[in-house]
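Structure assessment
Okay, here's what each chain looks like letter by letter:
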Amino acid sequence: MKKLSIAAFLIAGTFVFSQETKRTEEVKDSRDKALIVKTDHAELDAKRKAAEEKAKLPKPYDPKADAQKDINKLIAQAKKENKNIMIQAGGNWCIWCLRFNQFVQTTPELKNIVDKNYLYYHLNFSPDNKNEKVFAQYGNPGDKFGYPVFIVLDKNGKMIHVQQSDVLEQDKGYNLEKVKAFFNEWIPKS
């Protein structure tokens, strides 16, 4: 009888212990999930704000464009006008690409430098059109630096510089002096 009582006690104890352990794990899991939800909420809020900002910005990239044909035309024009070609590679999906475009277009000092010295082109990279052959000609800089990435061509279409954009950033935008220095560095020499 003692053996039966001890066996019953051990079985009941094991059952109670296993139930208690499960409850503890459930509580731990629910706390973990609560933390994830809080993190997701902040991340979702940031994504919502970025989407609102993105919706307000102009969309300069055309996934349907024949990029090679467009660049060939720019090279012919650059020879006539003695200008370099500034290719801003990225897409309308990229908030930093749209911010840079907006920064240049709404900052008279930068717009003046660009308009006077460059032919500017927005080279699309998106699921709709990755422009793989065009990017391959320039060593696929987006793979290395992300987007936007800038490809500077001389008036003959020769690549003379590739510039990653993160070194031009400041807070949630771009640094005027750094962008101005970048543009001024690649002005064609007469």
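Since this is a predicted model, take the numbers as computed values, not measurements.

Side note on the state of the cysteines
With the rule as written, the count across this model stands at one disulfide. At a sulfur-sulfur separation of 2.5 Å, the disulfide partner of cysteine 94 is cysteine 97. For the disulfide bridge between cysteine 94 and cysteine 97, the dihedral angle about the S-S bond is near 80°, and by the sign convention the bridge is right-handed. Neither cysteine 94 nor cysteine 97 differs from the other in exposure class; each is buried.

As for the pairing of strand E2 (residues 118-124)
With respect to burial, E2 is a largely interior element, six of its seven residues being buried. Pairing of strand E1 (residues 84-90) with E2, which is carried by seven bridges, proceeds in the parallel orientation. Its bridge partner being in E2, isoleucine 87 is matched across the sheet by tyrosine 121.

What to know about the pattern of salt bridges
Opposite charge on two side chains lets them pair, provided their charged atoms get close. For the structure shown, the criterion picks out nine salt bridges. For the salt bridge of aspartate 45 with arginine 48, the shortest nitrogen-to-oxygen distance reads 2.5 Å. Remark: arginine 48 and aspartate 45 occur in helix H1 (residues 2-56); sequence separation between them is three residues, near one turn of the helix. On the basis of relative accessibility, which here comes to 40%, the residue arginine 48 falls in the partly exposed class. Close ionic contact of glutamate 177 with lysine 180 constitutes a salt bridge, the shortest N to O distance being 3.5 Å. Placement of both glutamate 177 and lysine 180 in helix H7 (residues 176-185) is noted, with a separation of three residues, approximately one turn of the helix. Look at glutamate 177 and you get partly exposed, because its relative accessible area is 48%. One network of salt bridges, in which partners are shared, links Asp45, Arg48, Lys49 and Glu52.

Quick word on the packing of helix H3 (residues 95-106) against H7
Any two packed helices are characterised by how steeply their axes cross, that is the angle between the axes, and by the distance between the axes. Relative orientation of the contacting elements H3 and H7 amounts to 80°, with a least axis distance of 12 Å. As far as their axial angle goes, H7 and H3 are roughly perpendicular. Residues Phe100, Phe103 and Val104 of H3 touch H7, and the partners they reach there are Leu176, Val179 and Phe183. Looking at the contact of H3 with H7 residue by residue, the class counts come to six nonpolar, no polar and no charged.

Remarks on the side chain of glutamine 88
With respect to the element layout, glutamine 88 can be found in strand E1. A polar side-chain atom of glutamine 88 sits 2.9 Å from a polar atom in the side chain of tyrosine 61. Setting aside anything within four residues of it in sequence, one finds glutamine 88 in contact with Tyr61, Cys97, Phe100, Asn101, Tyr120, Tyr121, His122, Leu123, Pro148, Val149 and Phe150.

Details of the pairing of E1
The buried count for E1 comes to seven of seven residues, which makes it a mostly enclosed element. Burial of E1 is two-sided: the residues Asn84, Met86, Gln88 and Gly90 facing one way and the residues Ile85, Ile87 and Ala89 facing the other way are all buried. Pairing analysis gives five bridges linking E1 to strand E3 (residues 149-153), with the strands arranged antiparallel. Paired with glutamine 88 across the bridge in E3 is phenylalanine 150.

Some remarks on the packing of helix H4 (residues 108-117) against H7
At a minimum axis separation of 10 Å, H4 and H7 run at an interaxial angle of 10°. Our classification of the angle between H4 and H7 gives roughly parallel. Across the interface between the two elements, Glu109, Leu110, Ile113 and Val114 of H4 pack against Leu176, Val179, Lys180, Phe183 and Asn184 of H7. Classifying every residue of the contact of H4 with H7 by side-chain character gives six nonpolar, one polar and two charged.

A closer look at the confidence of the model for the chain
Across the chain, the average pLDDT comes to 87, with 79% of residues at or above 70. Confidence drops under a pLDDT of 50 for residues 19-27, and excluding neighbours within four residues, the segment shows zero contacts in the predicted structure.

Observations regarding the side chain of asparagine 124
Looking at the element boundaries, asparagine 124 is found in strand E2. A relative accessible area of 3% means that asparagine 124 is categorised as buried. One polar contact links asparagine 124 to serine 126, side chain to side chain, over a distance of 3.0 Å. Apart from the residues lying within four places of it in its own chain, the contact partners of asparagine 124 are Tyr61, Asp62, Pro63, Gly90, Gly91, Asn129, Lys130, Asn131 and Phe135.

About the thresholds
Residues numbered from 1 in each chain as written. Predicted model: local features only at pLDDT ≥ 70, side-chain atom pairs only at ≥ 80, totals over all residues. Heavy atoms only, no water. Disulfide = S-S within 2.5 Å. Buried < 20%, exposed > 50% of the residue type's maximum accessible area, 1.4 Å probe, protein only. Helix = DSSP H or I, 4+ residues; strand = E, 2+ residues; numbered from the N terminus. Pairing = 2+ DSSP bridges. Salt bridge = Lys/Arg side-chain N within 4 Å of Asp/Glu carboxyl O. Axes fitted to C-alpha atoms, helices over the stretch in contact; angles between N-to-C directions. Parallel < 35°, antiparallel > 145°, perpendicular 65-115°, else oblique. Contact = heavy atoms within 4.5 Å. Nonpolar A, V, L, I, M, F, W, Y, C, P; charged D, E, K, R; others polar. Polar contact = N/O pair within 3.5 Å; in protein donor to acceptor, adjacent residues only side chain to side chain. pLDDT = per-residue confidence, 0-100.

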